[in-house]
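These are the residues of each chain, in order.
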Amino acid sequence: MIVSSGSVNTDKYDTSKMEIDNDHGSLDQSDFLNLFVTQMQNQDPTEPMDSSQMLQQTATFSQVESMASMNENMEKILDVISSSSVQSQMASASSFIGKVMEYEGDDTTLTSSGAAISFEASAVPAKTTVTIRDEDGKYIRTLTPSVNDTDKVFLIWDGTDSSGNQMETGSYNFSVKAYDADGKEIEVKTYSNGQVTGVATDSGKLIYEVDGSYEVAAEDVISVRELTN
């Protein structure tokens, strides 16, 4: 409530009854009502409050109440819009389940058709090695692809180990080392390839579950393609 010093003589009121438990430093709807009622109870009978002032303060209270109600309704509307947006995103993202997703990382999924491995070297390497290990870190095999430029390299591991034995389908890890003609190591960025097994949200953000264990944020996805069995 806004009260001008020229319209109300606070010396005539018992201010001890006007204490407001308020931690936010400003009058809210409840504080306004308490203050208004206290003012009415403590007005001087010989000089009652001017009716025009009462109407003005009542109108002010109504405006405060309307604004509070409006803010509450707006928050509900925004919650509904946000919820609808997330549901729409999840419905669209669910179409990726069962497909292969590429994202920055160093794991891949082996199927009966092999496992996809992709990486980028910062310079054209003279020698490149791709080392494959299982999820427990056990060595499986080393590949030595020929790289002739700095474009993304995409290759398929056939799923056999260094002895030619066929490995079980599932998740594997790989690392890439690249060297120039002088034997100096070149920076390499690797990309994971895995099967999308689920979709979820975290704090309103879309998250993909890959290979049943990895979580990939939607903004980190590079590509999605059909899984070839």
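### A closer look at the overall build of the chain
Phase 1: Secondary structure summary: the chain contains two helices and twelve strands in total.
Phase 2: Reading the secondary structure of the chain in the N-to-C direction produces α-α-β-β-β-β-β-β-β-β-β-β-β-β.
Phase 3: Per-residue burial over the chain gives 30% buried out of 229 residues.
Phase 4: In the chain, the share of contacts with a sequence separation of at least 24, taken over all contacts with a separation of at least 6, comes to 66%.

### Concerning the pattern of salt bridges
It is possible for side chains bearing opposite charge to pair when their charged atoms get close.
Phase 1: In total, this model carries four salt bridges according to the counting rule given.
Phase 2: Between E102 and K152 there is a salt bridge, with its nearest N and O atoms 3.4 Å apart. Of this pair, E102 sits in strand β1 (residues 100-104) while K152 is found in the loop between β5 (139-143) and β6 (153-157), placing the two residues 50 residues apart along the sequence.
Phase 3: What makes E102 buried here is its relative accessible area of 5%.
Phase 4: Across the salt bridge formed by K177 and E185, the nearest N and O atoms sit 3.3 Å from each other.
Phase 5: Residue E185 is classed as partly exposed on the basis of its relative accessible area, which comes to 44%.

### Comments concerning the nonpolar core
Phase 1: Ranked by size, the top nonpolar core spans 15 residues in total, and within it I117, F119, V130, I132 and W157 carry the most contacts.
Phase 2: Among the elements of the structure, β3 (115-121), β4 (127-134), β5, β6 and β7 (170-179) are those that each provide at least two residues to this core.
Phase 3: Contact partners of I132, with chain neighbours within four places excluded, come to I117, K138, Y139, I140, R141, L143, W157, Y172, N173 and F174.
Phase 4: Judged by nonpolar contacts, the second largest core, of eight residues, contains A93, M101, Y103 and V196.

### A closer look at the environment of F174
Phase 1: Take F174: it is sitting in strand β7.
Phase 2: Sequence separation of F174 and I140 is 34 residues, and the distance between their C-alpha atoms is 9.6 Å.
Phase 3: When neighbours within four sequence positions are excluded, F174 is seen to be in contact with G105, D106, D107, T108, I117, S118, V130, T131, I132, T190 and Y191.

So, how was this worked out
Residues numbered from 1 in each chain as written. Predicted model: local features only at pLDDT ≥ 70, side-chain atom pairs only at ≥ 80, totals over all residues. Heavy atoms only, no water. Helix = DSSP H or I, 4+ residues; strand = E, 2+ residues; numbered from the N terminus. Buried < 20%, exposed > 50% of the residue type's maximum accessible area, 1.4 Å probe, protein only. Contact = heavy atoms within 4.5 Å. Salt bridge = Lys/Arg side-chain N within 4 Å of Asp/Glu carboxyl O. Core = buried A, V, L, I, M, F, W, Y, C linked by side-chain atoms within 4.5 Å.

Bear in mind that shape data such as this cannot, by itself, settle questions of function.
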